Amino acid sequence: MGEEKVKEEAMQILGMFQVLPRLVVFDLDYTLWPFYCECRSKREMPSMYPHAKGILHALKDKGIDIAVASRSPTADIANTFVDKLSIKSMFVAKEIFPSWTNKTDHFQRIHSRTRVPYNSMLFFDDENRNIQAVSKMGVTSILVGNGVNLGALRQGLTEFAENWNASQKNKQKWITKFSQNSNSSENKQK
Ligand SMILES: [Mg+2]
């Protein structure tokens, strides 16, 4: 499937959802491209997973911001590849540095840069430890098995919408409970 066709299908998938994330964050190695960039040379011309570029363009067209969170030890190679693939200017934030925190510090930086709340973010990564740690922050996090593709996008948007609706319901419950409590304490004072 060509890039334009993927983008068209991704736009159709995005059109099916009433709530959408404000920011979608991607890992690089084995999520956007099928290799570890520390094993490659800067002089090479990289290529992405077949659906990746079309999905990035569809998100941008839909007005959804995109960002990168990578623990690559070779940020220079990663940045060179992002530049060579002509996707550099698409990202509102690019956090590429090694760390032992399973990307929670990457997300803190992305949050302070973009001001997007964690529960308005969607994240794709191929490592379960990152998925576990980042989802605890409130980010809808999707484990990809063979890079990001249209199936992963659909799954991610579905889980995002479910998490969003559940959190809105909880908020409503809390507001109701709070107003009942404040009513009863007012009554006590009388
Ligand atoms: Mg990876």
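How each quantity is defined
- Residues numbered from 1 in each chain as written.
- Predicted model: local features only at pLDDT ≥ 70, side-chain atom pairs only at ≥ 80, totals over all residues.
- Helix = DSSP H or I, 4+ residues; strand = E, 2+ residues; numbered from the N terminus.
- Buried ≥ 20, exposed ≤ 12 C-beta atoms within 10 Å, placed from the backbone.
- Contact = placed C-beta atoms within 7 Å.
- Core = buried A, V, L, I, M, F, W, Y, C linked by C-beta atoms within 7 Å.
- Arc of directions from axis to C-beta.
- Pairing = 2+ DSSP bridges.
- Axes fitted to C-alpha atoms, helices over the stretch in contact; angles between N-to-C directions.
- Parallel < 35°, antiparallel > 145°, perpendicular 65-115°, else oblique.
- Left-handed = near helix turned anticlockwise from the far one by under 90°.
- Nonpolar A, V, L, I, M, F, W, Y, C, P; charged D, E, K, R; others polar.

## Remarks on the overall build of the protein
Thinking step 1. If you tally the helices and strands in the protein, you get six helices and five strands.
Thinking step 2. Each helix (α) and strand (β) of the protein, taken in turn from the N terminus, gives the series α-β-α-β-α-β-α-β-α-β-α.
Thinking step 3. Considering only C-alpha atoms, the protein reaches an extent of 80 × 35 × 25 Å along its principal axes.
Thinking step 4. Taken across its 190 residues, the protein has 32% of its residues classed as buried.
Thinking step 5. Sequence separation of at least 24 residues holds for 69% of the intrachain contacts in the protein that already meet a minimum separation of 6.

## As for the nonpolar core
Side chains of nonpolar character tend, in soluble globular proteins, to be buried together.
Thinking step 1. Ranked by internal contacts, the top residues of the largest apolar core, which has 42 residues, are Val25, Phe26, Ile55, Phe123 and Val148.
Thinking step 2. In terms of residue count, helix H2 (residues 52–61) provides more of this core than any other element does, five residues in total.

## Thoughts on H2
Thinking step 1. Of the positions making up H2, those classed as buried are Ala52, Gly54, Ile55, Leu56, Ala58 and Leu59.
Thinking step 2. Positive phi shows up at Gly63, right after H2, with a value of about 85°.

## Some remarks on helix H5 (residues 128–136)
Thinking step 1. Buried within H5 are the following residues: Asn130, Ile131 and Val134. The arc that holds every buried residue of H5, seen down its axis, measures 100°, which confines them to one face. Turned more than 90 degrees off the buried face of H5, the exposed positions are Asn128, Arg129, Gln132 and Lys136.
Thinking step 2. Buried residues along H5 sit against helix H4 (104–114), strand S4 (121–125) and strand S5 (140–143).
Thinking step 3. Gly138, located one to two residues past H5, shows a positive phi value of around 105°.

## A closer look at the sheet that holds strand S3 (residues 91–96)
Thinking step 1. Here five strands make up an open sheet; going across it, the order is S3-S2-S1-S4-S5 and the pairing parallel. Either end of the sheet is taken by a strand with one partner, and the two such strands are S3 and S5. Going from strand to strand, the sheet's axes swing by 15° on average, the running direction of each strand aside.
Thinking step 2. The pairing of S4 with S5 spans four bridges and is classified as parallel. By the bridge assignment, Asp125 is partnered in S5 with Leu143.
Thinking step 3. Contacts from H4 reach strand S1 (23–26), strand S2 (65–70) and S3 within the one sheet, and its direction differs from that of S3 by about 150°.

## Quick word on the environment of Ser112
Thinking step 1. By the secondary structure assignment, Ser112 is in helix H4.
Thinking step 2. The exposure class of Ser112 is exposed, given the 9 C-beta atoms found within 10 Å.
Thinking step 3. Taking the C-alpha atoms as reference points, Ser112 and Lys136, 24 residues apart in sequence, are found 18 Å from one another.

## Details of the environment of Ala133
Thinking step 1. On the secondary structure map, Ala133 appears in helix H5.
Thinking step 2. Taking the number of C-beta atoms within 10 Å as the measure of exposure, Ala133 has 18 and is therefore partly exposed.
Thinking step 3. Through-space distance from the C-alpha of Ala133 to that of Lys60 is 27 Å; in sequence the pair is 73 residues apart.
Thinking step 4. In contact with Ala133, not counting residues within four places along its chain, are Asn102, Lys103 and Thr104.

## Some remarks on the packing of helix H1 (residues 3–15) against H2
Thinking step 1. Running from N to C, H1 and H2 point in directions that differ by 45°, and their axes come no closer than 8 Å. For the element pair H1 / H2, the angle class is oblique. As H1 runs across H2, the sense of the crossing is right-handed. Residue-level inspection shows Glu3, Val6, Lys7, Ala10, Met11 and Leu14 of H1 in contact with H2, the latter providing Lys53, Gly54, Ile55, His57, Ala58 and Asp61.
Thinking step 2. By residue class, the composition of the contact of H1 with H2 is six nonpolar, two polar and four charged.

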